[in-house]
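# Fold and contact review
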Amino acid sequence: MDAPAEILIKVTINGGQHRLSVSPHETLLKMLRERLLLAGTKESCGEGECGACTVIVDGRAINSCLMLAAEADGSEVLTIEGLASGGELDPLQQAFIDAGAVQCGFCTPGMIMSAKALLMRNPHPTVAQIKQALCGNLCRCTGYTRIIRAVLDAALQPGGPRAPQDTGEEHAEDN
Amino acid sequence: MRPFNYARPQSLREASQLLSTHTGRAALMAGGTDLIVQMGRGLHSLELAIDIKRVSDLGDQVEKMPGGVRIGALTRLEDLAANEVVRASFPALSEAAGSVGSVQIRSRATIAGNICNASPAADTAPPLLAYGAQVNIFGIAGRRTLSMERFFTAPGKTALLPGEIVESLDLAFPKEGTGSAFERLARRAGMDVASVSVACLVWHSGSVRLGFGAVGPTPIVAEGEETDSMDWVGEYVKPVSDIRAGEDYRRAMVVALSRRAVKRSRKRMGEDA
């Protein structure tokens, strides 16, 4: 086989437009981390099982380890680095801090991006909907309870979406 | 990952030509959620990935047609699960599509990819079999339509000829006085391949059409009459033992899930009446 030629793509990342030359077999994850040095997006399993590499592409949470950079041509990509604006954390990021939803922190960017995609589509999710949205994100430290609480808290922010019907009694017990 | 080339055809004809001229060395890619995993594990000696997501004559929506729906090949499982018409008329398909992987996977994975990968455990296969789906296939020589039950030929193998591409799936609305449901057994709630899955369509008269996943070399279809035990479905399946479940357990569970699916279908029939 001939050496694969590089592919020129245009992609919007965190609001900025980029023209990049990428390898055909290069994943979006690798492009973000190694070409753009956006190392907030993590690689763990590399097979779409763990969700550490989750980013939002055209409004949908996806595993960036399973998407080729070439496929992102013409798309809008949002990574963890794109959430804070004007030096202010996104309310969801702040909620993770306030709820103590971070331990080692490796899963956190992926968790936040999955939760962000949920809140973009459904600003007042139930606990069941949060669990559903995060079921592709693994965390080996926190036991998930505080993560789910953080997403609920973000949805309850003053001026934010209205309160969800269930506030998650099943989360009364904490780890 | 081993290097490969990437092509992004604009038309079915172009995609089909690429596929035929690289027989055995090229694969179609839609969501890529199976293909890229396989590539990463070195299971493919692929030289060319043909990305069909920008093929203008392939749909990514569920279209209402006279007497049924047409599901475009590129319809994402997340969109299929959420589609109102599918939820109302084909609830077993909605449930099955919503049970695949995670949001991240369902936001990329497509219906055509799920069936063309031809896993015996493909979640959308049992409901497509139960509803009697027809597969619309494009080939350079012409188009043809194949019934779902003739589509799967062996693990990972389909009846597609070299260069052929699944264009869409047609589902006829079930007749009035029917109910349907999907049941799935896995080791955990999310992100797991089904150990056993069952979809069924039940007629008021007691006739039943079922589709089974992960209990044979391909997804399996069965037709019969509703019974209390539903133990007759055991005759249709040829399960094997693997890391997810043993053969005997699968055999027992396919009967139990069939009973449950029939019961839920009956209940849904009542809701419609």
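Not measured: the values here are computed from a predicted model. (Residues numbered from 1 in each chain as written. Chains lettered and ligands numbered in written order. Predicted model: local features only at pLDDT ≥ 70, side-chain atom pairs only at ≥ 80, totals over all residues. Heavy atoms only, no water.)

A count of helices and strands for chain B gives nine helices and 14 strands. Against the 2.2 N^0.38 benchmark of 19 Å for 273 residues, chain B shows a C-alpha radius of gyration of 18 Å, consistent with a compact globule. Residues counted as buried form 55% of the 273 residues belonging to chain B. Contacts in chain B between residues far apart in sequence, at least 24 positions, make up 60% of those at least 6 positions apart. (Helix = DSSP H or I, 4+ residues; strand = E, 2+ residues; numbered from the N terminus. Rg over C-alpha atoms; globule rule 2.2 N^0.38 Å. Buried < 20%, exposed > 50% of the residue type's maximum accessible area, 1.4 Å probe, protein only. Contact = heavy atoms within 4.5 Å.)

This part takes up the overall build of chain A. What chain A contains, in helices and strands, is five helices and five strands. Starting at the N terminus and ending at the C terminus, chain A contains elements arranged as β-β-α-β-β-β-α-α-α-α. A buried classification covers 50% of the 175 residues belonging to chain A. Taking as baseline every contact in chain A between residues at least 6 positions apart, the subset at least 24 positions apart corresponds to 56%. Looking at chain A as shown, the accessible area adds up to about 8,000 Å², and 49% of this sits on carbon and sulfur atoms. (Areas by Shrake-Rupley, 256 points an atom, 1.4 Å probe, with all protein chains shown as cover.)

A pair can form between side chains of opposite charge whenever their charged atoms are brought close. Applying the stated criterion across every chain yields a total of 26 salt bridges over all chains. Put simply, Arg8(B) and Asp73(A) hold a salt bridge, and the shortest N to O gap is 3.1 Å. Taken together, the residues Arg8(B) in the loop between β1 (5-7) and α1 (12-21) and Asp73(A) in the loop between β4 (60-63) and β5 (76-78) connect one chain to another. Asp170(B) is the partner of Arg70(B) in a salt bridge, and the nearest nitrogen-oxygen pair spans 2.7 Å. Residue Arg70(B) is found in strand β5 (residues 68-72), and its partner Asp170(B) is found in strand β10 (residues 165-172); the two are separated by 100 residues along the sequence. By relative accessible area, which is 28% here, Arg70(B) ends up partly exposed. (Salt bridge = Lys/Arg side-chain N within 4 Å of Asp/Glu carboxyl O.)

Turning our attention to the interface of chain B and chain A. With 34 residues of chain B in contact, the opposing surface of chain A contributes 30 residues. Between chain B and chain A, roughly 2,600 Å² of surface is buried when both sides are summed, and carbon and sulfur atoms account for 55% of that area. At the boundary of chain B and chain A, one finds six salt bridges. One salt bridge connects Glu47(A) with Arg41(B), and the closest N-O pair in it is separated by 2.7 Å. Taken together, the connections running from chain B to chain A amount to 11 residue pairs in polar contact (both at pLDDT 80 or more). Elements that contribute at least two residues to the side of chain B that touches chain A include exactly β1, α2 (35-40), α3 (77-82) and α6 (103-106) of chain B. With four residues, the top contributor of residues to the side of chain B that touches chain A is α6(B). For the side of chain B that touches chain A, the class distribution of residues is 11 nonpolar, 10 polar and 13 charged. (Buried area = accessible area lost by both parts, 1.4 Å probe. Polar contact = N/O pair within 3.5 Å; in protein donor to acceptor, adjacent residues only side chain to side chain. Nonpolar A, V, L, I, M, F, W, Y, C, P; charged D, E, K, R; others polar.)

The next point concerns the nonpolar core. Ranked by internal contacts, the top residues of the largest apolar core, which has 88 residues, are Met31(A) and Met148(B). Grouped together as the second largest cluster of nonpolar side chains are 29 residues, Ile80(A), Ala117(A), Cys139(A) and Ala154(A) included. (Core = buried A, V, L, I, M, F, W, Y, C linked by side-chain atoms within 4.5 Å.)

As a further point, take the side chain of Ser94(B). All names here are of chain B. Counting through the fold element by element, Ser-94 comes out in helix α5 (residues 91-98). Here Ser-94 falls in the buried class, since its relative accessible area comes to 10%. Ignoring sequence-local partners within four residues, the contact set of Ser-94 consists of Ala-81, Val-86 and Arg-87.

This brings us to the pairing of strand β6 (residues 134-139) of chain B. All names here are of chain B. Burial within β6 is extensive, with five of its six residues counted as buried. Pairing analysis gives six bridges linking β6 to strand β7 (residues 142-147), with the strands arranged antiparallel. Along β7, the bridge assignment pairs Asn-136 with Thr-145. A loop of two residues connects β6 with β7, the two strands running antiparallel in sequence. As defined by bridge partners, β6 adjoins β10 across five bridges and the pair is classed as antiparallel. (Pairing = 2+ DSSP bridges.)

Within a beta sheet, neighbouring strands are joined by backbone hydrogen bonds and run either parallel or antiparallel to one another. Residue and element names in this part refer to chain B. Taken in spatial order, the three strands make up an open sheet running β1-β3-β2, and their pairing is parallel. A strand with exactly one partner marks an edge of an open sheet, and here the two such strands are β1 and β2 (26-29). Direction aside, neighbouring strands of the sheet carry axes that sit 25 degrees apart on average. One ladder, built from four bridges, connects β2 with strand β3 (residues 48-51); its direction is parallel. Directly across from Met-29, in β3, lies its bridge partner Asp-51. The strands touched by α1 within the sheet are β1, β2 and β3, with β3 carrying the most contacts at an inclination of about 165 degrees. (Axes fitted to C-alpha atoms, helices over the stretch in contact; angles between N-to-C directions.)

Glancing now at unusual backbone geometry. Phi is positive for Tyr144(A), close to 75 degrees, though the residue is something other than glycine. Locating Tyr144(A) in the fold gives a position in the loop between α4 (127-133) and α5 (145-155). The phi dihedral of Ala118(B) is positive, around 55 degrees, even though this residue is not glycine. Locating Ala118(B) in the fold gives a position in the loop between α7 (111-116) and α8 (125-130).

Residues and elements named next belong to chain B. One pass over the structure, following the stated rule, counts four aromatic pairs over all chains. Plain terms: the ring middles of Phe-151 and Phe-152 are 5.5 Å apart, the flat faces sit at 85 degrees to each other, and that makes the pair edge-to-face. Both residues of the pair, Phe-151 and Phe-152, belong to the buried class. Ring centres of Trp-232 and Tyr-236 lie 5.9 Å apart, and the angle between their planes is 75 degrees; on these two criteria the pair is classed as edge-to-face. Of the residues examined, Trp-232 reaches a relative accessible area of 15% and is grouped as buried. Among the aromatic side chains, those forming a connected cluster through ring pairs are Phe-90, Tyr-131 and Phe-173. (Phe/Tyr/Trp six-rings, centres within 6.5 Å; stacked < 30°, edge-to-face > 60°.)

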